[in-house]
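Read off the chains here:
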Amino acid sequence: MTSHGQFITFEGTEGVGKSTQLENAADTLKSLGVDVVVTREPGGTPMAESIRELLLAPRDEPVNDMTELLLMFAARAQHLQTLILPELEAGRWVLCDRFTDATFAYQGGGRGVPVEHIAQLENLVQGAFRPDHIVLLDAPVETGMTRARHRGELDRFEREAVDFFERIRQAYLDRAATDPDRYHIVDAAQPLEVVSRDVTSLIRGLVTRP
Ligand SMILES: Nc1ncnc2c1ncn2[C@@H]1O[C@H](COP(=O)(O)OP(=O)(O)OP(=O)(O)O)[C@@H](O)[C@H]1O
Ligand SMILES: [Mg+2]
């Protein structure tokens with residue numbers, strides 16, 4: 001009997017260390033003999049990556065909130081059906097850099113889109129599918145921004161003001177508080193080695209769980 005893999009997402013505001021800790025988690029899983037696939041949102045398949053480019057490109061034309069929301073879920077539908085679900089069914093664990101919690105945090109908390117609208121699209125696109133575990137890397141907004149600042153051109157989201165990201169951070173924390181069994185808050189303001197140690201032990205715990 002093949003057992004399904006687990007779907008683990010990495011969330012948090014800009015520059016908190018999502019990509020770094022996703023790689024760390026992938027290495028941890030591989031060292032334990034788990035087959036792992038690493039992916040990201042928006043994106044993860046060629047078509048979804050094209051939608052990502054549409055979403056992130058800075059542009060003069062104001063982007064309507066509903067347009068942004070629908071594009072996020074359009075990319076997600078493609079990613080879910082053509083990559084995430086088949087990989088999980090094949091028994092591999094899928095680690096994803098952002099998923100639907102980011103939509104609740106960015107489009108909901110950040111942009112002010114009603115949560116019910118996001119929840120409707122979540123049900124439409126995903127049915128009952130939700131991440132098995134969410135690693136929420138939490139740090140003051142400025143900490144992440146300072147870490148990410150060495151990057152080149154800012155994308156459309158990175159051009160937003162600090163209070164936009166403060167609302168996002170709070171939205172993530174509020175969601176995490178509703179389901180502590182699935183949401184794992186990691187203090188991402190700590191030095192890299194400490195955050196990595198915390199994430200490694202969290203991931204090891206998920207593998208060895210009865
Ligand atoms: N705990 C930490 N302490 C100091 N620096 C860190 C820490 N974690 C990650 N970094 C560094 O901060 C930068 C941003 O990390 P990373 O790219 O993993 O963040 P991210 O959350 O994926 O960012 P983005 O939102 O832009 O995708 C990198 O240069 C990384 O090496
Ligand atoms: Mg990243």
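Residues numbered from 1 in each chain as written. Chains lettered and ligands numbered in written order. Predicted model: local features only at pLDDT ≥ 70, side-chain atom pairs only at ≥ 80, totals over all residues. Heavy atoms only, no water.

Looking at an unreviewed UniProt entry, the chain carries the name Thymidylate kinase, with the source organism given as Marinobacter azerbaijanicus. UniProt, in its Function (unreviewed entry) section for the chain, records the words "Phosphorylation of dTMP to form dTDP in both de novo and salvage pathways of dTTP synthesis." (UniProt positions renumbered as here; feature names shortened; annotations may be inferred.)

**Student:** What is the right way to look at the UniProt feature "binding site: ATP" (unreviewed entry) in the chain in this model?
**Tutor:** When the UniProt feature table is mapped to this numbering, "binding site: ATP" (unreviewed entry) covers Gly12, Thr13, Glu14, Gly15, Val16, Gly17, Lys18 and Ser19. You can see Glu14 is positioned in the loop between strand E1 (7-11) and helix H1 (18-31). Glu14 has contacts with Arg98, Tyr106, Gly144, Met145, Glu158 and Phe165, leaving out every residue within four places of it along the chain. Note on placement: Val16 falls in the loop between E1 and H1. Val16 gets classed as buried once you look at its relative accessible area, which sits at 2%. Those residues in contact with Val16 that lie beyond four places of it in its chain are Leu137, Ala139, Gly144, Arg147 and Ala188. (Helix = DSSP H or I, 4+ residues; strand = E, 2+ residues; numbered from the N terminus. Contact = heavy atoms within 4.5 Å. Buried < 20%, exposed > 50% of the residue type's maximum accessible area, 1.4 Å probe, protein only.)

**Student:** Just to check I follow, could you spell out the packing of helix H6 (residues 141-148) against helix H7 (residues 162-178) for this structure?
**Tutor:** The relative placement of two packed helices comes down to the angle between their axes together with the axis-to-axis distance. Running from amino to carboxyl end, H6 crosses H7 at an angle of 120°, the nearest separation of the two axes being 10 Å. For the element pair H6 / H7, the angle class is oblique. Our pair here, H6 against H7, has a crossing hand that is right-handed. Contacts from Val141, Glu142 and Met145 of H6 reach H7 at Val162, Phe165, Glu166 and Arg169. (Axes fitted to C-alpha atoms, helices over the stretch in contact; angles between N-to-C directions. Parallel < 35°, antiparallel > 145°, perpendicular 65-115°, else oblique. Left-handed = near helix turned anticlockwise from the far one by under 90°.)

**Student:** Explanation requested: the site of ligand 1 in the structure shown.
**Tutor:** Close to ligand 1 lie 16 residues, the nearest being Lys18, Ser19, Thr20, Arg151 and Gln190. Between ligand 1 and the protein, one listed contact pairs an oxygen atom with a backbone N or O atom of Gly17 at 3.0 Å. At a separation of 2.8 Å, an oxygen atom of ligand 1 approaches a polar side-chain atom of Ser19. Relative to its free-state accessible area of 640 Å², ligand 1 is covered by the protein chains to the extent of 76%. Breaking the shell around ligand 1 down by element, the ones donating at least two residues are H1 and helix H8 (192-208). (Near = heavy atom within 4 Å. Polar contact = N/O pair within 3.5 Å; in protein donor to acceptor, adjacent residues only side chain to side chain. Areas by Shrake-Rupley, 256 points an atom, 1.4 Å probe, with all protein chains shown as cover.)

**Student:** Looking at this structure, I do not really get the pattern of salt bridges. What am I missing?
**Tutor:** When charged atoms on two side chains of opposite charge get close, those side chains can pair. Evaluation of the coordinates by the stated rule reveals 14 salt bridges. Note that Arg92 is salt-bridged to Glu87, the shortest N-O span being 2.4 Å. The residue Asp163 makes a salt bridge to Arg167 at a minimum N-O spacing of 3.2 Å. Highlighted residues: Asp163 and Arg167, both in helix H7, separated by four residues, approximately one helical turn. Residue Asp163 is classed as partly exposed on the basis of its relative accessible area of 45%. Through salt bridges that share partners, Glu68, Arg111, Arg156 and Glu160 make up one connected network. (Salt bridge = Lys/Arg side-chain N within 4 Å of Asp/Glu carboxyl O.)

**Student:** How should the pairing of E1 be read in this particular structure?
**Tutor:** Remember that side chains alternate between the two faces of the sheet whenever the strand is regular. Of all five residues making up E1, five are buried, and the element is well covered by its neighbours. As paired elements, E1 and strand E3 (residues 93-97) share four bridges and run parallel to each other. Among the inter-strand pairings, Thr9 is bridged to a residue of E3, identified as Cys96. Relative to strand E4 (residues 133-138), E1 is paired through four bridges, and the arrangement is parallel. The partner of Phe10 across the bridge, within E4, is Val135. (Pairing = 2+ DSSP bridges.)

**Student:** Got a minute to help me understand the environment of Thr39 in this structure?
**Tutor:** Mapped onto the secondary structure, Thr39 falls in strand E2 (residues 36-40). Using a relative accessible area of 9% as the deciding quantity, one classes Thr39 as buried. Distance from Thr39 to Ile84, taken between C-alpha atoms, is 8.6 Å for residues 45 residues apart in sequence. Those residues in contact with Thr39 that lie beyond four places of it in its chain are Leu22, Gly44, His79, Leu83, Val94, Leu95, Cys96 and Asp97. Of note is the side chain of Thr39, whose polar atom sits 2.8 Å from the side chain of His79.

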